[in-house]
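Listed below, chain by chain, are the residues.
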Amino acid sequence: MLAGAGICLGLLTWGLTVSVGLGALLAVSRLAYTALRVGGACYLIFLGAKMFLRSRPSSFAPGESMPPVVENFRESATRWFGRGLLSNLLNPKVGLFYVTFLPQFVPAGVNVAAFSMLLAAIHAAEGILWFLVLTQATGLFSNWFRRPRVAKALDQTTGTVLVGFGLGLMLDRSR
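Now for a quick tour of the structure. (Residues numbered from 1 in each chain as written. Predicted model: local features only at pLDDT ≥ 70, side-chain atom pairs only at ≥ 80, totals over all residues. Heavy atoms only, no water.)

1. Details of the environment of Tyr98
For step 1, the next point in the chain: Position of Tyr98 among the secondary structure elements: in helix 5 (residues 92-101).
For step 2, the next point in the chain: We classify Tyr98 as buried; its relative accessible area is 1%.
For step 3, the next point in the chain: In this structure, the C-alpha to C-alpha distance between Tyr98 and Ser19, residues 79 residues apart in sequence, is 9.1 Å.
For step 4, the next point in the chain: Among all residues touching Tyr98, those that are not within four sequence positions of it are Leu11, Trp14, Gly15, Val18, Pro103, Ala120 and His123. (Helix = DSSP H or I, 4+ residues; strand = E, 2+ residues; numbered from the N terminus. Buried < 20%, exposed > 50% of the residue type's maximum accessible area, 1.4 Å probe, protein only. Contact = heavy atoms within 4.5 Å.)

2. Observations regarding a nonpolar patch on the surface
For step 1, the next point in the chain: On the surface, Leu140, Phe141, Trp144 and Leu154 cluster together into a nonpolar patch covering about 450 Å² of accessible area.
For step 2, the next point in the chain: Structurally, Phe141 can be placed in the loop between helix 6 (112-140) and helix 7 (142-145). (Patch = residues over 30% accessible without salt bridge, like charges linked within 9 Å, V, L, I, M, F, W, Y side chains within 5 Å. Areas by Shrake-Rupley, 256 points an atom, 1.4 Å probe, with all protein chains shown as cover. Salt bridge = Lys/Arg side-chain N within 4 Å of Asp/Glu carboxyl O.)

3. Here we look at the side chain of Asp172
For step 1, the next point in the chain: For Asp172, the position within the fold is in the segment after helix 8 (148-171).
For step 2, the next point in the chain: Owing to a relative accessible area of 18%, Asp172 belongs among the buried residues under this scheme.
For step 3, the next point in the chain: Within polar-contact distance, the side chain of Asp172 engages the side chain of Lys93 at 3.3 Å. (Polar contact = N/O pair within 3.5 Å; in protein donor to acceptor, adjacent residues only side chain to side chain.)

4. Re the side chain of Arg37
For step 1, the next point in the chain: Relative to the helices and strands, Arg37 resides in helix 3 (residues 30-53).
For step 2, the next point in the chain: Here Arg37 occupies a buried position and makes no salt bridge, while the nearest side chain of opposite charge, Asp172, is found at 5.8 Å.
For step 3, the next point in the chain: For Arg37, the side chain forms a polar contact with the main-chain oxygen of Leu169, separated by 2.9 Å.
For step 4, the next point in the chain: For Arg37, the contacting residues outside a window of four places in its chain are Pro92, Leu169, Met170, Leu171, Asp172 and Arg173. (Lys, Arg positive; Asp, Glu negative; His and termini not counted.)

5. Focus: the environment of Asn88
For step 1, the next point in the chain: Here Asn88 is to be found in helix 4 (residues 73-89).
For step 2, the next point in the chain: Counting along the chain gives 77 residues from Asn88 to Leu11, while the straight-line C-alpha distance between them is 7.1 Å.
For step 3, the next point in the chain: Not counting chain neighbours up to four residues away, the residues in contact with Asn88 comprise Ile7, Gly10, Leu11, Trp14 and Val94.
For step 4, the next point in the chain: Within polar-contact distance, the side chain of Asn88 engages the backbone oxygen of Ile7 at 3.4 Å.

6. A closer look at helix 8
For step 1, the next point in the chain: Along its 24 residues, helix 8 runs 34 Å from first to last C-alpha, staying within 8% of the 34 Å computed at 1.5 Å per residue.
For step 2, the next point in the chain: In this structure, the buried residues of helix 8 make contact with helix 3, helix 5 and helix 7. (Expected span 1.5 Å × (residues − 1).)

7. Re the pattern of salt bridges
For step 1, the next point in the chain: All chains considered together, the criterion is met by 1 salt bridge.
For step 2, the next point in the chain: A salt bridge links Asp172 to Lys93, with the nearest nitrogen and oxygen atoms 3.3 Å apart. Of this pair, Asp172 sits in the segment after helix 8 while Lys93 sits in helix 5, and the two are 79 residues apart along the sequence.

8. A closer look at helix 5
For step 1, the next point in the chain: Within helix 5, the full set of buried residues consists of Pro92, Val94, Gly95, Leu96, Tyr98 and Val99.
For step 2, the next point in the chain: The opening residue of helix 5 is Asn91, an N-cap whose side-chain oxygen sits 3.0 Å from the backbone nitrogen of Lys93.

Next up, the structure:
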């Protein structure tokens, strides 16, 4: 849920950036877009490789669940929130989406910055609701997710997907 909160703060940050006109720089500057794209790609590749290479405890009997991970909550919370925030802020496509999407829905005669922020806030609120549903649904399956084989398979699959997205973003020459 904390990663989702970070992602939603990223949405609000992009909304603010676009509402004050800085998002247009991303739309017209090849250098700014490329720098953000490469930074985002490197971050996705880093996260994916870390997940793929993560080792899981193998001291459990087959079919036995791993105990819940107990970490320093403050460190863990900060790390998950930061991951969500960085994954959003380093994604240039979110910025471009807001640059092209938000202006279409701003009525004539209103404060553009305030209305754009309202739209970003609505988007972030919908995101928080989605993450609440998602975290509740995954909670129902937590015992299954804690099985070492399942956890390892999910980490390796997710890691592979993140590396793939990162490489795709890195190699994307469509802009």
